[in-house]
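Structural characterization, general
Single-letter residue listing:
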Amino acid sequence: MESDISDSDDEVIDIESDVLEVVDVDMDTESDVFELNNEESNIETGIPEINTDIFDIETGIPEINTDIFDIETGIPEMNTDIFDIETGIPEFDEGDIETETDVVYSDTRLPENVLPVAYRLDFYTSIENSTFDGKEEIDIEILKETNSIIFHSENLSLSNITISNENEILKPNSIQYIKESNFVTLNFNETLKSETNYTLHMQYSGKLNSNGIGYFIEEYDNEDDSQSRMAATQFEAADARRAFPCFDEPQLKATFQLNMTVNDGYNALSNMNVVEIKEIKNLNLKQKKYIFANSVKMSTYLVAFMVSKFQSISDKYNDIDVSVYVIPDLIEDAKYSLKVAIKLLEFYENLLKIPYPLPKLDLVGVPNLVFGGMENWGLINFRSESILWNEETGTDIDKYGVVTLIAHEIAHQWFGNIVTMKWWDDFWLNEGFANYMQNIATDVVEPELGITNNWYYEYYSIFSKDTLDKINSVYNYSPNPKYLNDWDIISIYNKGESIIRMMEFWLNKMNDNHSISTTSIEDNYFYKRIHEYLDLYRYNNVDSQQLYEMLESYDENGQPLYHVSGIMESFIKQKGIPIVMMERISNDHDQIITLSQEQLISINIDQYEMDNIEQKDTMIKGNSTWVIPYSYSIYSNSTGKPELLESHYITLEDNDDRKSKTTISLPTKDDEATNTKIFIKGNEDQKGYYLVQYDDESIQVACEWLKSDLNFMSYINRAGFISDIFNQLLENRAENPTTILNCLDYLKNEKSTIVWIKILKYFKRLIYIRYENNMEKNKLIMKYISDLTKNIFEDIGWVEKEKEGIEKKSGIEDNTIINRDVLRSNLMDLGDQNENNRAKALYYYNEIKNGTYSENFDEYILINIFETGIKYGNVDESDIDFILNELDSETSKFDKYSLMSGLKQVSDASLRKKILEKFNKDIENGFNLDDYDYQYFKIELLTNWASEDYYLYFTFVRDHWDDYFKEKYLNDNYELIYLIETIYSKSKKEDEHFQEIASWINVIDKEEKKINLEDEIIDEDHNNNNLENEENDDDPIILWLKEHY
């Protein structure tokens, strides 16, 4: 239920303070907003005056009375009139001395004795001085009698702290601050009574930081090369405390009413709509006070405000004002974001059947925002470029990025804002759902993008990382949300999404009695239950179990029908991914399939990735099991061609007995139908978060049919089947590897972009992991891949020839511009060893060099062209001159990374020296040194070459240390540090110049200690003990390839 702000008494509260005085409190009863007078503020700065009688003017640090110190805790007792949280140094009065010390609260979570109900905040922000200050009232309810109140504050100076109820005003007798938890503890002589409402009053001030968290300042360039500044907030997960004192935990929801005073020329935004703007004139300083409406009940991490000179474009969706705010120069490219935001609001309201609850929604493009987006309620922040798209020049790939990001953040207005997790260990309830919903929403509001099943190839990396034990469980135990580095973002966002997708599919199928549903998406079982979940817990907090209970149905005896809790707990709280082994057993007329499961741990896992040998051995045995919502489809050729007969949905239980197997019966063959064959495909539509292992007979049947009629399975099921058997091949789990290798020949006729995108990822594992260090085997693999990809390569081409809107040809549903672009990129990633790539790349390189080039290639294709042209062409000084001239040209058609990628392939020593001479002249003449990307590419290039002629590049760095490299070193340029570490590592092995290089590094790194000389840099040709890279004459893949290629 939503709480209303209690009205403040319209009276003067005169605290007997010799530092700062609490001033008149005015309440606007019509708008239900709170306003504080700023009469005592410095007129020029807007910052409250400080009584300098008790302040050391020379040092800026308050005087400390060292007689007053809590011996047991080591924490000084504090006078509450003024206390600088940033320095941790307080002012003391003699009256603060106590005979007994207070017990220090040591938990990482706030105690459960105080409940915040409503905040009233009055801010003044000075962009010019990078400072802010404010006055605050927090209405609180005492849930349990206490003599102390604990809240959060970080890097703030607090003053004039009091607490009041309708009968009295109390000052704390002491204050304690714990830096690690950011806890401020107010200790009172009086007992604060339970079930009693109080109001906490205080003033605060701080500095706008440049770290992109809390309340921060950003500088940005305008079109005319001038610079401007703006201030914005980023409070997730625990940084609201950097902007104002608060109870900074997600379950402590309250309402927020903000006032923002800004200097003339700036505007202010917050979560809620503006109800009034007051002009303030203080001598030479003109100001405006923005008074915002009171908010709905929400968590502190969703509070947001902003001060800027941005411009906006606006429109309406029903009664909701929707606006996009960006730098004035970029306003034209923000139109698409406005249009798609309105579409998305309509979609989510229709789907979830819970209205968006605020009167406005602002999308703001913040320059250099640390994250791609932040879902602040009603004021969503995005990195500027992430919400810009130009209809004339923008690509479909860029459009896809814009709409999915906006869809993600608007989804949070329901998942995370209306209903919020109780604590950060259930963060997946926010991010997993937002990730899941963004694809559903994008496919509906922009159907021409055709991204229905793109999730399948986009999350290949999650599956592969999970088999390598490289990601944590989705449920992340988080004792302190300040430690964001402990969070596994891939697991929380992407694996969380995958598990939600699995449950949505499972629950709908189970509820529809396993049939193909004709129910509209918003009326299916899953979304009905999600609506009930959002409605029941509206404006409240939940944990995972409460979601499971809402998704479950029960029989007449109260027993769960769908095993939601068991399934979800096994996938959410457990690392890894299961593999289901399907084995066919035939006898006479009966056929059965046995199902068993284990954790799949890749045999490609490296020794150094494991904590110890014992752990690795345990994991490979697969000690984890899951409650798996398993689906399978039965195909038969009983009618003369392979067709889908039926699909089934069962639960594979988490059995303690590993030998126990689930069995399923197959349709019985007729005596006359001797040629009838059955194939069982596991994991229908690839919605399950598990892999499937097939027996040899099943693979043979399916592959025979694929070669004669590949469309007997949908493209997503083909992609899943081929991925599963390819995984068996790579993990040495195949009964007969040649069966799978023979099957893959069907790919010559495969036109599905999603199938190919997925398969190329497995081929890359062969190239770059299994046979990475064996040139002969690698060439054999590339010859095989070139043969398989020849047809699809010709079909896709190097440039998009299709017009938008006519992508679907030959009945291929996934043949979209986006998928073709992704596939084209993956084909290019095969590199110059691919025969299809090399010939064309050399042709285009010569066209470029000769000036006859006319195509409009994407960057990744240009990279391939320049790399191949330099590596395999007849390169001389003219090639180097051409690339260096293009790098210097402001009108070059080619991006610097593509050109520098070509230079990386230069192997001739004399040509490398020519390039170094050019870099040397650039430094001496100060040419292009402000081009950050160009300078980054130069250091990357030097690192690439350093392994071959380390001393040449050492002397270059040494000779230009003072006039070029030292500044980068001091600014933590990690590319430069890695270059120096590479040079050191190579010299240590070859020994000739080692002492000279080591002595130089010791001199330049003596003070900063940035360079790590302990860890060895692994050479590119280093054998990492991967068993597959060792010579093996019995390798079935290589034996098959030698026989066929």
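Note: the structure precedes this text.
Each value, and the rule that gives it
Residues numbered from 1 in each chain as written. Predicted model: local features only at pLDDT ≥ 70, side-chain atom pairs only at ≥ 80, totals over all residues. Heavy atoms only, no water. 1 Å grid on protein atoms, 1.4 Å probe; cavity = no way out; pocket = protein on both sides within 12 Å on 5 of 7 lines; lining within 4 Å. Points joined across faces, edges and corners; volume = space filled by probe spheres on them. Helix = DSSP H or I, 4+ residues; strand = E, 2+ residues; numbered from the N terminus. Nonpolar A, V, L, I, M, F, W, Y, C, P; charged D, E, K, R; others polar. Polar contact = N/O pair within 3.5 Å; in protein donor to acceptor, adjacent residues only side chain to side chain. Contact = heavy atoms within 4.5 Å. Buried < 20%, exposed > 50% of the residue type's maximum accessible area, 1.4 Å probe, protein only. Pairing = 2+ DSSP bridges. Disulfide = S-S within 2.5 Å. Axes fitted to C-alpha atoms, helices over the stretch in contact; angles between N-to-C directions.

Taken as a whole and judged by the stated rule, the model has twelve cavities of 30 Å³ or more. Of the pockets and cavities examined, the largest cavity occupies roughly 140 Å³. Lining the largest cavity are 16 residues; nearest its centre among them are Phe463, Leu691, Asn727, Lys758 and Tyr762. Of all the secondary-structure elements, those providing two or more residues to the lining of the largest cavity are helix H5 (460-467), helix H12 (715-730) and helix H14 (753-770). Looking at the lining of the largest cavity, the element that brings in the most residues is H5, giving four residues. Its residues placed into classes, the lining of the largest cavity shows six nonpolar, six polar and four charged.

With that out of the way, let us pick up the side chain of Thr146. Its location among the elements puts Thr146 in strand E7 (residues 146-152). A polar atom in the side chain of Thr146 sits 3.0 Å from the backbone oxygen of Ser148. Beyond its immediate chain neighbours, meaning those up to four positions away, Thr146 contacts Asn113, Glu190, Thr191 and Leu192.

Take the pairing of strand E13 (residues 214-221) next. Among the eight residues of E13, six are classified as buried, and the element is accordingly described as predominantly covered. Count of turn residues in the E13/strand E14 (residues 227-234) antiparallel hairpin: five residues, of which Asp225 carries a positive phi of about 75°.

This brings us to the environment of Glu867. Looking at the element boundaries, Glu867 is found in helix H18 (residues 859-872). Glu867 sits in the partly exposed class, given a relative accessible area of 24%. On a C-alpha basis, the gap between Glu867 and Val906 in space is 9.0 Å, while along the polypeptide they are 39 residues apart.

For the coordinates displayed, the defined rule picks out one disulfide. The disulfide bridge from Cys703 ends at Cys743, spanning 1.9 Å between sulfur atoms. For the disulfide bridge between Cys703 and Cys743, the dihedral angle about the S-S bond is near -85°, and by the sign convention the bridge is left-handed. Note that Cys703 is positioned in helix H11 (residues 696-708) and Cys743 in helix H13 (residues 737-743), a separation of 40 residues in sequence. The burial state of Cys703 is the same as that of Cys743; both residues are buried.

Moving on, we get to the sheet that holds E7. Taken in spatial order, the three strands make up an open sheet running E7-E11-E10, and their pairing is antiparallel. With one partner strand each, in any of the chains shown, E7 and strand E10 (174-178) form the two edges of the open sheet. Across the sheet, the mean angle from the axis of one strand to that of its neighbour is 25°, orientation sign disregarded. Across five bridges, E10 lies against strand E11 (residues 183-192) in antiparallel orientation. For Gln176, the partnering residue across the bridge sits in E11 and is Thr185.

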